[in-house]
Structures are given as C-alpha cells and as structure tokens.
Amino acid sequence: MVHDNVQLIRRILLGDDAAFSTLMRKHQDGVHALIWRKIGDFHIAEEITQDTFIQVYKKLGTLEDPKRFEGWLYVIANRLCINWIKRDKAKMDKLNMQSLEDTPPEEVEKAALAKMLKHTT
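Residues numbered from 1 in each chain as written. Predicted model: local features only at pLDDT ≥ 70, side-chain atom pairs only at ≥ 80, totals over all residues. Heavy atoms only, no water.

> Mind showing me how you'd approach the packing of aromatic side chains here?
A complete count under the given rule lists three aromatic pairs for this structure. Note on Trp36 and Phe42: the rings are 4.9 Å apart at their centroids and 80 degrees apart in plane angle, and the pair reads as edge-to-face. Here Phe69 and Trp72 contribute two aromatic rings whose centre-to-centre distance is 6.0 Å and whose plane-to-plane angle is 45 degrees, an arrangement assigned as tilted. Of this pair, Phe69 and Trp72 both sit in helix α4 (residues 69-96), three residues apart, roughly one helical turn. (Phe/Tyr/Trp six-rings, centres within 6.5 Å; stacked < 30°, edge-to-face > 60°. Helix = DSSP H or I, 4+ residues; strand = E, 2+ residues; numbered from the N terminus.)

What follows is the structure, given as structure tokens:
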C-alpha cells in the first residue's frame with residue numbers, strides 16, 4: 001500500500017490528475033471516518049474531508065517522504081478538525097451569550113421557572 005502511494009504521488013507531482021483521483025478514492029473513506037468520529041456530524045465531516053484533500057493537493061509538493069503520506073494526510077485532517085471545533089465553539093459561545101438586559105422579562109421568568117421545576121423533580 002505504501003509503495004502504491006509513493007507511485008501515485010510521483011505521478012501526481014508530474015501532473016497526472018487521474019493519479020490524484022485514485023489516491024483520493026483510496027483514502028477518502030478512512031479520512032471521512034476519522035473526521036466523523038471527531039466532529040460527530042456526517043455532513044460536516046464530508047466538507048472537512050473535501051477540504052483535507054484540497055490541502056493535500058496544494059501541499060503535496062512539500063511532503064518530504066512519500067512513504068509517510070498516510071500519517072501526513074491524517075495530520076492534515078486532524079488539524080482541520082481542530083480548527084473547525086474551535087470555530088464552532090466560538091460561534092456557539094457567541095450565540096449563547098445574550099445580555100440579560102436584551103432578554104424579554106417573560107423569557108427570563110420562563111427559564112427560571114423551568115430550572116426551578118427541574119430541580120424539584
């Protein structure tokens with residue numbers, strides 16, 4: 001398998017786009033599975049998988065040892081997951097932070113009542 005990757009990488013670096021398609025199909029399911037486990041959303045994992053292979057295509061010339069392609073590929077996928085998680089957390093934190101002054105009194109009362117009922121049951 002490593003030997004196959006090395007041959008495909010050499011062909012890609014010589015401009016063979018069909019070789020890149022082959023390399024991508026070969027590793028796509030494994031990369032998607034890794035990302036899906038980390039992210040927990042199938043469709044977002046598909047997007048990050050696609051972004052992973054875009055990065056691979058752009059940076060393949062910087063790979064020093066083609067025998068280490070799979071590890072390099074999974075590092076890229078993992079890094080993109082970490083970036084997505086950070087962005088998503090920041091976005092969720094921003095959405096969850098709502099000024100009490102901007103919150104209608106009925107909503108505050110409803111939330112307080114719901115919390116009180118939750119603790120008494």
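> Explanation requested: the packing of helix α2 (residues 17-39) against helix α3 (residues 42-59) in the structure shown.
Packed helices, taken two at a time, are described by the angle their axes make and the gap between the axes. Across the interface, α2 lies against α3 with an axial gap of 8 Å and an inter-helix angle of 140 degrees. As far as their axial angle goes, α3 and α2 are oblique. For the crossing formed where α2 meets α3, the hand is right-handed. Within the contact between the two elements, α2 uses Asp17, Phe20, Met24, His27, Gln28, Val31, His32, Ile35, Trp36 and Ile39 and α3 uses Phe42, Ile44, Ala45, Glu46, Ile48, Thr49, Thr52, Phe53, Val56 and Tyr57. (Axes fitted to C-alpha atoms, helices over the stretch in contact; angles between N-to-C directions. Parallel < 35°, antiparallel > 145°, perpendicular 65-115°, else oblique. Left-handed = near helix turned anticlockwise from the far one by under 90°. Contact = heavy atoms within 4.5 Å.)

> Where do I start with the pattern of salt bridges in this structure?
Think of it this way: side chains of opposite charge can pair up when their charged atoms draw near. Per the stated rule, a full pass over the model turns up two salt bridges. Note that Asp16 and Arg11 form a salt bridge whose closest N and O atoms lie 3.0 Å from each other. For Arg68, the salt bridge identified is with Asp65, shortest N-O distance 3.5 Å. Judged by relative accessible area, which is 61%, Arg68 ranks as exposed. (Salt bridge = Lys/Arg side-chain N within 4 Å of Asp/Glu carboxyl O. Buried < 20%, exposed > 50% of the residue type's maximum accessible area, 1.4 Å probe, protein only.)

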